[in-house]
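Listed below are the residues making up each chain.
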Amino acid sequence: MNADSYPIVDPRHANRGAGAPPEIGKLGMWVFLGTEVLFFGGLMLSYLYGRTHWPGGFAAAGRHTHVWIGTINTAVLLTSSALIALAGATSECMPMRRWTPRLLWLTALFGLGFLVLKGIEYDKEVHEQLFPQAGFALSETGAELFFWLYWLMTAIHALHLAIGVGAVSLFAWATGRQRRWADSHRIEVLALYWHFVDVVWIFLYPLLYLIDRHS
Amino acid sequence: MNEADFRRRRRRIAIAWIALLALMLTSLGSAYLSLGIGNVIAGLVIATIKSSIVVIVFMGLGRSSAMVRIAAAAALSMWFVLAGLSGVDYATRPHEPARYQSPRQLQPLTGKENEP
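What you are looking at is a predicted structure, and each value in this text was computed from that prediction instead of being measured.

Colleague: Quick rundown of the overall build of chain B? Include the residues and the values.
Modeller: A tally of regular secondary structure across chain B gives three helices and zero strands. Secondary structure elements in chain B, listed N-terminal to C-terminal, are α-α-α. The C-alpha radius of gyration of chain B comes to 26 Å, more than 25% above the 13 Å expected for a compact globule of 116 residues. Dimensions of chain B, computed from the C-alpha atoms along their principal axes, are close to 95 × 40 × 35 Å. A total of 116 residues make up chain B; the buried ones form 28% of that total. When contacts within chain B are restricted to residue pairs at least 6 apart in sequence, long-range pairs at least 24 apart make up 53% of them. Just so you have it, chain B exposes about 8300 Å², and 65% of that area is on carbon and sulfur atoms. Here chain B contributes 13 positive and 6 negative side-chain charges, whose respective centroids are spaced 20 Å apart.

Colleague: Requested: an account of the layout of surface pockets, with residues and values cited.
Modeller: Left-over empty space is what a probe sized like a water molecule reveals as it rolls over the atoms. Looking at the largest pocket, its volume works out to about 1100 Å³. What lines the largest pocket is a set of 35 residues, among which M44 and F203 of chain A together with L76, W79 and F80 of chain B lie closest to the centre. Those elements that place two or more of their residues in the lining of the largest pocket are α2 (24-53), α3 (55-62) and α7 (184-209) of chain A together with α2 (37-58) and α3 (66-90) of chain B. Top contributing element to the lining of the largest pocket by residue count: α2 of chain A, with 12 residues. Of the residues contributing to the lining of the largest pocket, the split by class is 27 nonpolar, six polar and two charged. Summarising the domain contributions, the lining of the largest pocket has at least three residues from each of domain 1 (1-63) and domain 2 (65-97) of chain B.

Colleague: For the packing of aromatic side chains, give the residues involved together with the corresponding values.
Modeller: Residue and element names in this part refer to chain A. This structure, assessed with the given rule, holds 19 aromatic pairs over all chains. Their ring planes at 80 degrees and their centres at 6.1 Å tell us that Y49 and W54 sit as a pair that is edge-to-face. Y49 gets classed as partly exposed once you look at its relative accessible area, which sits at 25%. Measuring from ring centre to ring centre gives 5.8 Å for W201 and Y209, while their planes differ by 50 degrees; the resulting arrangement is tilted. Exposure class is identical for W201 and Y209. Each is buried.

Colleague: Outline the nonpolar core, supporting the account with residue identities and numerical values.
Modeller: Counting 84 residues, the largest nonpolar core has W30, Y47, F146 and F147 of chain A together with F58 of chain B as its most contacted members. Element by element, the count of residues in this core is highest for α7 of chain A, at 18 residues.

Colleague: Describe in detail the interface of chain A and chain B, supporting the description with residues and values.
Modeller: On the side of chain B, 46 residues touch chain A, which itself brings 47 residues to the contact. The contact between chain A and chain B buries some 4200 Å² in all, and 76% of this surface belongs to carbon and sulfur atoms. When the buried surface of chain A facing chain B is broken down by residue, W30, L78 and H214 of chain A rank first, second and third, together holding 14% of it. Summed over the shared surface of chain A and chain B, the number is one salt bridge. E92 of chain A is the salt-bridge partner of R9 of chain B, the closest N and O atoms lying 3.4 Å from each other. Taken together, the links from chain A to chain B amount to six residue pairs in polar contact (both at pLDDT 80 or more). Within the residue set of the side of chain A that touches chain B, elements represented by two or more residues are α2, α4 (67-92) and α7 of chain A. Split by residue class, the side of chain A that touches chain B holds 29 nonpolar, 11 polar and seven charged.

Parameters at a glance
Residues numbered from 1 in each chain as written. Chains lettered and ligands numbered in written order. Predicted model: local features only at pLDDT ≥ 70, side-chain atom pairs only at ≥ 80, totals over all residues. Heavy atoms only, no water. Helix = DSSP H or I, 4+ residues; strand = E, 2+ residues; numbered from the N terminus. Rg over C-alpha atoms; globule rule 2.2 N^0.38 Å. Buried < 20%, exposed > 50% of the residue type's maximum accessible area, 1.4 Å probe, protein only. Contact = heavy atoms within 4.5 Å. Areas by Shrake-Rupley, 256 points an atom, 1.4 Å probe, with all protein chains shown as cover. Lys, Arg positive; Asp, Glu negative; His and termini not counted. Charge placed at Lys NZ, Arg CZ, Asp CG, Glu CD. 1 Å grid on protein atoms, 1.4 Å probe; cavity = no way out; pocket = protein on both sides within 12 Å on 5 of 7 lines; lining within 4 Å. Points joined across faces, edges and corners; volume = space filled by probe spheres on them. Nonpolar A, V, L, I, M, F, W, Y, C, P; charged D, E, K, R; others polar. Domains from an automatic or database assignment. Phe/Tyr/Trp six-rings, centres within 6.5 Å; stacked < 30°, edge-to-face > 60°. Core = buried A, V, L, I, M, F, W, Y, C linked by side-chain atoms within 4.5 Å. Buried area = accessible area lost by both parts, 1.4 Å probe. Salt bridge = Lys/Arg side-chain N within 4 Å of Asp/Glu carboxyl O. Polar contact = N/O pair within 3.5 Å; in protein donor to acceptor, adjacent residues only side chain to side chain.

Written out as structure tokens, the structure reads:
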């Protein structure tokens, strides 16, 4: 079977009849992402409380995050989002379908690159005594709380991204082998998850890396 | 999707990607200017614009059915409601922090503590 001979949409979808709305997968993912908004939103609310109550400690702690690694990682994630959006577009256009697996592999590679950079950053922070524990490097009130939230939010984000890398790799493999289940609808649903992880980072970037840089 | 539609979509994605990177650099640059509370506002406003681009162009929320848009709007509204309700509690609590005490090792018990 060559790349052009299998259908854009899994024929099993077509057989579900008029009762199954075509956007049911998208709707399911959006509902799931709604629960994720509340999950990350709760953490961001904790951050808001800490930042308004201990602004000095949060500012002092924020200056110790590695802004260049954070910025490169932001660019990496934004680029990966553009790549998976392009992969979705190619999967819907028959003459372009040969690009879908390559773009998905590239997306997964960028996600992996983000995780590697994040790992390097974590390593530097552990050596700088910025993990909240006995012997924590900063003495300002609130600085340790900032780093509690920093580690919690970035680690949960990284976990989401790692799951995304696994899922995108699976789809990259499946589209490369023309598996029917890896159709354009499912790639679109997968892309929604990836974009959401990107949106979370878009907010984490100014909150964690860009505090009080001018002083 | 035919090739003309694909090219249009590819152009939209490319423009959105360039805009996102430009906004990221704007956000980074603004952080090094002394704007007071404006730093926080600039960071969050730019983040909101960036996420709107991702949601509208990449996630295609504008092209989605009303049902999908309602699900997305309900999630965001629910976050605002819950954040507001939490704020009623947390923002009105008296702020009385206890002095931080370093954890310390207790002296081991020897059984002779009560001896004169």
